[in-house]
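# Coordinates in review
As a plain string of letters, each chain reads:
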Amino acid sequence: MSEMNDPRMQSEQPEQLGSSRTMLGVSGLTKIYPDGTLAVDDIDFAVEAGDFCVIIGPSGCGKSTTLHSLVGNLDVTAGTVNLNGVEITDQPTHQRDIGLVFQDFQLFPHLSVSENIEYGLEQLGIDDQKRRQRTERLLEMMQLENLADRDPEELSAGQKQRVALARSLVLEPKLLLLDEPLGDMDYKLQKRMERELLRVHREFDTTFVYVTHDQTQAMRLADQIIVMNDGQVEQSGSVEEIYNSPNTAFVSAFVGDSN
Ligand code: ADP
Ligand code: MG
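Structural notes, computed from the coordinates. (Residues numbered from 1 in each chain as written. Chains lettered and ligands numbered in written order. Predicted model: local features only at pLDDT ≥ 70, side-chain atom pairs only at ≥ 80, totals over all residues. Heavy atoms only, no water.)

## A word on the nonpolar core
Rule in force here: Grouping buried Ala, Val, Leu, Ile, Met, Phe, Trp, Tyr and Cys residues that are joined through side-chain atoms within 4.5 Å yields what is termed a nonpolar core. Think of it in three bands: with a 1.4 Å probe and only protein chains considered, a residue is buried below 20% of the maximum accessible area for its type, exposed above 50%, and partly exposed in between. Helix and strand assignments come from DSSP, with helices taken as H or I runs of at least 4 residues and strands as E runs of at least 2, each series counted from the N terminus. In this analysis, two residues are considered to be in contact whenever any of their non-hydrogen atoms come within 4.5 Å of each other.
The biggest cluster of nonpolar side chains holds 46 residues, and the ones touching the most others in it are Ile 117, Met 142 and Ile 225. Of the residues forming this core, the biggest block, 5 residues, is contributed by helix α5 (residues 157-169). Apart from the residues lying within four places of it in its own chain, the contact partners of Met 142 are Arg 162, Leu 165, Ala 166, Leu 169, Met 193 and Glu 196. Ranked by size, the runner-up nonpolar core spans 26 residues in total, among them Met 23, Leu 29, Phe 45 and Val 209.

Here it is, written out as structure tokens:
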């Protein structure tokens, strides 16, 4: 078959940096905090469009710093971040079109649960009816219907986490970064929320970069796993590669206890 007639060639996207499916490209990313802490030490990784990428690693290894660098909340010390082939390293956060669910929720204290969820849609100028529809769908998905009129201060940590998730998911972002988003929930609720995240991943075609220190959760969710340790990327690959062919002693030990 000639190239012209091969359907695989005709559907090929124009070449971007790296593979044509690369959505997020991180190169030489380094963050030294003002007190001298080297939190992220010259890391490289790429995330393919449509993948569920999970970053795992022990507490303090630089996972949160990495996410905050991607979203633009931090001035990075060195390195570049590319989104769909465009360098965004110096772009302000609001121009990046990246959703983030923070480890500490950051809900608006003066707004109710449903107002927190609806807020971003209002900012985007989405009309009343659509706003209500999308907000109600997320209230239902996150099992928050009965809490819609509550204030954040009345909620448990796990409930706040679900509001934070709903507030980001309602915007149907193309890229969503999540920092230990299920950490305050019991196991049963975690499993239920994992299913909802995978549903969003499929239905909204959202690319996820998901941080956790829970290896078993990583295994259930990930297309790609990035293992971090002490500010560095130890290994990046599919679930099978990481579990069957760990390429450092650290990776082997870290994933070992769930084998
Ligand atoms: P993780 O999310 O994997 O637990 P972090 O990115 O929060 O790791 O932290 C990485 C390292 O940077 C740790 O040593 C942590 O103590 C340090 N760190 C985090 N935030 C700050 C800060 N604002 N100032 C100084 N050091 C920090
Ligand atoms: Mg963290």
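Let's pick the thread back up.
## Digging into the site of ligand 1
Stated precisely, the cut-off is as follows: Throughout this document, a residue counts as near a molecule or strand when at least one of its heavy atoms sits within 4 Å of that molecule or strand. Here a polar contact is taken to be a pair of N or O atoms separated by no more than 3.5 Å, where protein atoms must pair a possible hydrogen donor with a possible acceptor and residues adjacent in sequence count only if both atoms sit in side chains. The Shrake-Rupley method, run with a 1.4 Å probe sphere, supplies the accessible areas, and residue values consider only the shown protein chains as cover.
Contacts to ligand 1 come from Tyr 33, Asp 35, Thr 37, Ala 39, Pro 58, Ser 59, Gly 60, Cys 61, Gly 62, Lys 63, Ser 64 and Thr 65. Take Gly 62: an N or O atom from its main chain is 3.1 Å from an oxygen atom of ligand 1. Thr 65 places a side-chain nitrogen or oxygen 2.5 Å from an oxygen atom of ligand 1. Contact with the protein chains hides 61% of the accessible area of ligand 1, taken as 560 Å² for the molecule alone.

## Examining the packing of aromatic side chains
Note the threshold: Only Phe, Tyr and Trp rings are paired, with Trp represented by its six-membered ring, and only when their centres lie within 6.5 Å; those with planes under 30 degrees apart are stacked, over 60 edge-to-face, the remainder tilted.
Summed over the entire model, instances satisfying the criterion amount to 4 aromatic pairs. Ring centres of Phe 52 and Tyr 210 lie 5.7 Å apart, and the angle between their planes is 50 degrees; this geometry places the pair in the tilted category. Here the residue Phe 52 occupies a position in strand β3 (residues 52-56), and Tyr 210 occupies one in strand β8 (residues 207-212), the gap between them amounting to 158 residues. On the accessibility criterion, Phe 52 (0% relative accessible area) is buried. Among the residues examined, Tyr 210 registers a relative accessible area of 0% and is labelled buried.

## Concerning the pairing of strand β10 (residues 232-237)
The two faces of a sheet get side chains in turn, since along a regular strand they alternate between them. Put simply, the rule reads: DSSP calls a pair of strands paired once it identifies at least 2 bridges connecting them.
Relative to β10, strand β9 (residues 224-229) runs antiparallel, the two sharing 5 bridges. The residue of β10 that forms the bridge with Met 228 is Val 233. Between the antiparallel neighbours β9 and β10 lie 2 residues, among them Asp 230 with a positive phi of about 50 degrees.

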